[in-house]
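Here is how the chains run, residue by residue.
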Amino acid sequence: MRIGFIGLGVMGAPMAGHLTAGGNTLVTCLNRSPLPEGLVATVAQNPCAVARDSDIVILMLPDTPDVERVLMGADGVIAGLNPGTLVIDMSTISPIATAQFAEAVRAAGGSYLDAPVSGGEVGAKAGSLTIMVGGAEEDFARALPLFQLMGKNITLVGTANGAGQTCKLANQIIVALNIEAVAEALVFASKAGCDPARVRQALMGGFAASRILEVHGERMIARSFNPGFRIRLHQKDLALALSSARELGVALPNTATAQELMNACSAKGLRDADHSALVQALESMADHALSGG
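Keep in mind that what you see is a predicted model, and the values were worked out from it rather than measured. For every chain, the first residue of the written sequence is number 1, and numbering continues from 1 along that sequence. Only residues with pLDDT of 70 or above have their local features reported here, since the model is predicted, and side-chain atom pairs are shown and tallied only from 80 upward, although totals for entire chains, interfaces and linings are computed over all residues. Processing note: side-chain calculations cover all non-hydrogen atoms of the structure and skip hydrogens and water entirely.

Asker: So what exactly am I meant to see when it comes to the overall build of the protein chain here?
Answerer: Under the DSSP-based scheme used, a helix requires at least four consecutive residues in state H or I and a strand at least two consecutive residues in state E, with every element numbered from the N terminus. Secondary structure assignment for the protein chain yields 12 helices and 9 strands. Relative to its length of 293 residues, the protein chain is compact, with a C-alpha radius of gyration of 20 Å against a globular reference of 19 Å. Here the C-alpha coordinates of the protein chain stretch approximately 65 × 45 × 35 Å along the principal axes. Type-normalised accessible area, obtained with a 1.4 Å probe on protein chains alone, sets the label of each residue: buried when under 20%, exposed when over 50%, and partly exposed for intermediate values. Within the span of the protein chain, comprising 293 residues, buried residues form 52% of the whole. Two residues form a contact once any of their heavy atoms are found within 4.5 Å. Long-range contacts, defined as pairs at least 24 residues apart, comprise 67% of the intrachain contacts of the protein chain with a sequence gap of at least 6. In these tables, accessible area is a Shrake-Rupley quantity obtained with a 1.4 Å probe, and a residue counts as shielded only by the protein chains included in the view. Working note: accessible area of the protein chain is about 13,200 Å², and carbon and sulfur atoms make up 53% of it. The positive count covers Lys and Arg only, the negative count covers Asp and Glu only, and His and the chain ends enter neither. Taken as the charge centre is NZ of Lys, CZ of Arg, CG of Asp or CD of Glu, depending on the residue. The positive charge centre, built from 21 side chains, and the negative charge centre, built from 26, are 5 Å apart in the protein chain. Only C-alpha atoms enter the radius of gyration, while the globule expectation follows 2.2 Å times N to the 0.38, with N the number of residues.

Take a look at the structure:
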């Protein structure tokens, strides 16, 4: 199958690599970066040309405006869409905009799935991503063999476009609030005079145990904030969650708090640090660092 893949970044490049390893032919277009080393693909001039030469087009882009530009620009995917082409957006973007993009793709004769992922760079490289999908069942069935090359936990969340994006934002809310909880607990214990590493070890054996405590708790204690998943990207996702919540009339008070802590980290120059660096905002307020400084 000829797969158009636009967005060969930290996540997209290994995802595309799994598709070619599965026997598919890749078509892409480049912005400023060269083709990732080891990836075999035909390089087209623009997204329009990618769509014209593909059976399925996959997008893996940073934010809603990027998807809008690639889909709907003068040289965008929709301009080159063949009848029956399936467009799969695996970015994390606005659920409301997603519904609009899907409508535009269908009006051009194609079909659309939103399929954001969770699992980060590690999951992308391992082919073990969680994939949350919104769209028609027949389109999901068509895409499933490709999803299975990139991920392990694959769920059709709902048949309306935007359901996958809503699920991903729910995921990001849970992750952010868990990072905040772990950070608060470790700062509290450390300032009370306990060794945060021993506290974490003890908590890993009880009901407070979690993947966030295991991985990000260790990052906080070791001061290892190389991304991972960058604070600026989690800021973007929480902003999407909060704006969607306003549209729905839903209060997300703790999500807003987590966003403010990430904003504080961003103001300290930590936009590109791992999101576990949120602990530094709490350390600043407590005038105490886990390292004992």
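Asker: Can you walk me through the packing of aromatic side chains in this structure?
Answerer: Where two aromatic rings form a pair, the distance of their centres and the angle of their planes describe that pair. Think of it this way: a Phe, Tyr or Trp ring, Trp meaning its six-membered ring, pairs with another when their centres are within 6.5 Å, and the plane angle makes it stacked under 30 degrees, edge-to-face over 60, tilted otherwise. Under the defined criterion, the tally for this structure stands at 1 aromatic pair. With centroids separated by 6.3 Å and ring planes inclined at 40 degrees, the aromatic side chains of phenylalanine 140 and phenylalanine 147 adopt a geometry described as tilted. This pair shows no difference in class: phenylalanine 140 is buried, exactly as phenylalanine 147 is.

Asker: I'm lost on the pattern of salt bridges in this one. Help?
Answerer: Counted as salt bridges are all cases of a side-chain nitrogen of Lys or Arg within 4 Å of a carboxyl oxygen of Asp or Glu. According to the stated counting rule, one finds 11 salt bridges in the structure shown. Across the pair glutamate 218 and arginine 200 runs a salt bridge, and its minimum N-O distance is 3.7 Å. With glutamate 218 in helix α9 (residues 211-222) and arginine 200 in helix α8 (residues 196-203), the pair connects residues that are 18 residues apart, well separated along the chain. Close ionic contact of arginine 230 with aspartate 272 constitutes a salt bridge, the shortest N to O distance being 3.7 Å. Taken as a pair, arginine 230 in the loop between α9 and α10 (231-248) and aspartate 272 in the loop between α11 (253-267) and α12 (279-286) lie far apart in primary sequence, 42 residues in all. Given a relative accessible area of 37%, aspartate 272 falls into the partly exposed group.

Asker: Explain the environment of isoleucine 221 here, please?
Answerer: Within the secondary structure, isoleucine 221 is located in helix α9. Put simply, isoleucine 221 and arginine 232 are 11 residues apart on the chain and 21 Å apart in space, counted from C-alpha to C-alpha. Non-local contacts of isoleucine 221, meaning those with residues more than four positions away in its chain, are made with Leu186, Pro196, Ala197, Arg200 and Leu290.

Asker: Honestly, the side chain of glutamine 172 in this entry has me stumped. Any pointers?
Answerer: The residue glutamine 172 is located in helix α7 (residues 163-191) in this model. What qualifies as a polar contact is a pair of N or O atoms within 3.5 Å, subject to a donor-acceptor requirement within protein and to the restriction that residues adjacent in sequence count only when both atoms come from side chains. A distance of 2.8 Å separates the side chain of glutamine 172 from the side chain of aspartate 237, its partner in a polar contact. Setting aside anything within four residues of it in sequence, one finds glutamine 172 in contact with Phe229, His234, Asp237 and Leu238.

Asker: Quick question: what am I supposed to make of the nonpolar core here?
Answerer: Within soluble globular proteins, side chains that are nonpolar generally end up buried alongside one another. Counting 29 residues, the largest nonpolar core has Leu186, Met220, Leu278, Val279 and Leu290 as the members making the most contacts within it. Of all the elements, α7 adds the most residues to this core, at 8 residues. The contact partners of methionine 220, leaving out residues within four places of it in the chain, are Ile179, Val182, Ala183, Leu186, Phe225, Ser276, Val279 and Leu290. Put simply, buried Ala, Val, Leu, Ile, Met, Phe, Trp, Tyr and Cys residues joined by side-chain atoms within 4.5 Å make one nonpolar core. Of all hydrophobic cores here, the second largest spans 28 residues; its members include Leu26, Leu113, Ala143 and Ile154.

Asker: Looking at this model, I keep getting lost on the pairing of strand β4 (residues 56-59). Mind explaining?
Answerer: Each regular strand carries side chains that alternate between the two faces of the sheet. Here β4 shows two buried faces, one formed by Ile56 and Ile58 and the other by Val57 and Leu59. The pairing of strand β1 (residues 2-6) with β4 spans 4 bridges and is classified as parallel. Directly across from isoleucine 3, in β4, lies its bridge partner isoleucine 56. Paired strands are those between which DSSP finds at least two bridges. Alignment of β4 against strand β5 (residues 86-89), held across 4 bridges, turns out to be parallel. Within β5, the position partnered with leucine 59 by the bridge is aspartate 89. The parallel pair β4 and β5 is bridged by helix α3 (residues 64-72), and the resulting crossover is right-handed. The handedness of a crossover follows from its direction of travel: if, with the strands pointing away from the viewer, the path from the first strand over the helix to the second runs clockwise, the crossover is right-handed.

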